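Observations on the three-dimensional arrangement
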Amino acid sequence: MTDVTGAPVATVDALHTLFHSEQGGHEQVVLCQDRASGLKAVIALHSTALGPALGGTRFYPYASEQDAVADALNLSRGMSYKNAMAGLDHGGGKAVIIGDPELIKTEELLLAYGRFVASLGGRYVTACDVGTYVADMDVVARECRWTTGRSPENGGAGDSSVLTAFGVFQGMRASAQHLWGDPSLRGRKVGIAGVGKVGHLLVEHLLQDGASVVITDVRDESVLRITDRHPEVTVAADTDALIRAEGLDIYAPCALGGALNDDSVPALTARVVCGAANNQLAHPGVEKDLAERGILYAPDYVVNAGGVIQVADELHGFDFERSKAKASKIFDTTLSIFARAKDDGIPPAAAADRIAEQRISEARRR
């Protein structure tokens, strides 16, 4: 299907999003194709005001190229805000590779992708995301020195999920401090939707702190990995059942985005939402719906910044303890957002946006 100019409608929609919508404002979007390897990718640079754009590479079987472009735009914009709130000297970027990684991921494809990233000359620094792993970044790095999330054997920091989970845990502790006056999660019931790379590590932190945990995941093997090790963890049939669980204190979306929407928010039994998933708010206005229900929302890009803190440190010679110390500050940052939200009379998501936008704006004026 084409418009009157002969351009595909999906392309026209993507350009409208890029240049005219609230999700736009990006500096650069690169469409990448290598027919020999089957690579189709989108690299989106939202901002380099604070420094080179930093963000992961998502490998996912999108329903359409338009969906892939939209995801790259949304994710890269979120990375600008995440990096700003994490205090990093990096702007926001994100890449998506279109296709099922179980079917089309090859060494040749990853090398081709690395050449495209390298062609940007350091304006974009890549890392792992959904569908990509440390071993993949080792391959990409063979063609591109602006690659993080590599294995320790190759000079990298390893799996960034470790500090992502730690940061989300700090966000939960800050939420508990703000709402209940005590950062301990002992005796609190926490529901986790998605126990993959980050979620299964978050379970460990919560159990060690004395929380009771209920989980769900579309992959049976991910659930069994948890329950085989921790039979005290309970399992919900699906996310719909999880968010309605009786006595739930905290809901942690740790899978794909859009978890907080017009259907899920009215059904939530939890008093707090704090999870690792990116872009949890399905559309503008959801944050107000949460506030009206008295549900405290810890902004996703603030609490899940531990991973990007980890890979950013890799660029300077990785030190795990230094990175963990930086990630522990997510506790204080989250508390400061709740305080700003209260002072300004706005939801926490809006407060976080204001703080991030101020830092980016000040950098642009230098």
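Residues numbered from 1 in each chain as written. Predicted model: local features only at pLDDT ≥ 70, side-chain atom pairs only at ≥ 80, totals over all residues. Heavy atoms only, no water.

Brief notes about helix H15 (residues 330-344)
Since the α-helix turns once every 3.6 residues, residues separated by three or four places project in the same direction. As a reminder of what qualifies: In this description a helix means any DSSP run of H or I spanning at least four residues, a strand means any run of E spanning at least two, and both kinds are numbered starting from the N terminus. In a helix, the anticipated span is given by 1.5 Å times the number of residues less one. The rule is simple: take the accessible area with a 1.4 Å probe, protein chains only, and divide by the maximum for that residue type; under 20% is buried, over 50% is exposed, in between is partly exposed.
The first and last C-alpha atoms of H15 sit 21 Å apart over 15 residues, in line with the 21 Å expected at 1.5 Å per residue. Turning to H15, its buried residues are Ile 330, Phe 331, Thr 333, Thr 334, Ile 337, Phe 338 and Ala 341. Phi for Gly 345, located one or two positions after H15, is positive at around 65°.

Here we look at the packing of helix H13 (residues 306-314) against helix H14 (residues 320-328)
Here is the rule: Orientation is described by lines fitted to C-alpha atoms, with helices fitted over the stretch in contact, and by angles between N-to-C directions that extend from 0 to 180 degrees. Take the far helix as the reference: if the near one is turned anticlockwise from it by less than a right angle, the crossing is left-handed, and if turned clockwise, right-handed. Contacts are assigned to residue pairs with any non-hydrogen atoms lying within 4.5 Å of each other. Under the convention adopted here, Pro, Cys and the residues Ala, Val, Leu, Ile, Met, Phe, Trp and Tyr are nonpolar, Asp, Glu, Lys and Arg are charged, and Gly plus all remaining residues are polar.
Between H13 and H14, the least distance of the axes is 9 Å, while the angle of their chain directions is 145°. Here H13 and H14 pass one another in a crossing that is right-handed. Contact with H13, carried on its side by Gly 306, Ile 309, Gln 310 and Asp 313, involves Arg 322, Ser 323, Lys 326 and Ala 327 of H14 and no other residues of that element. Considered class by class, the residues forming the contact of H13 with H14 number two nonpolar, three polar and three charged.

A word on the packing of aromatic side chains
Our working definition: Aromatic rings from Phe, Tyr and Trp, taking only the six-membered ring of Trp, are treated as a pair when their centres fall within 6.5 Å; an angle between ring planes under 30 degrees marks them as stacked, one over 60 as edge-to-face, and anything in between as tilted. Each ring is checked for a lysine NZ or an arginine CZ that lies within 6 Å of its centre and within 35 degrees of its normal; such an atom marks a charge sitting over the ring.
All chains considered together, the criterion is met by three aromatic pairs. Considering the side-chain rings of Tyr 60 and Tyr 62, the 5.1 Å spacing of their centres and the 70° angle between planes classify their relative orientation as edge-to-face. On the accessibility criterion, Tyr 62 (12% relative accessible area) is buried. Taking the centre distance of 5.7 Å and the plane angle of 75° together, the rings of Tyr 81 and Tyr 301 count as edge-to-face. Pair noted here: Tyr 81 is in helix H2 (residues 65-85) and Tyr 301 is in helix H12 (residues 300-303), with a separation of 220 residues, a long-range link. Over the ring of Trp 180 we find Arg 188, and its NZ or CZ is 3.9 Å from the ring centre. When the ring centre of Tyr 133 is taken as reference, the NZ or CZ atom of Lys 197 above it lies at 4.5 Å.

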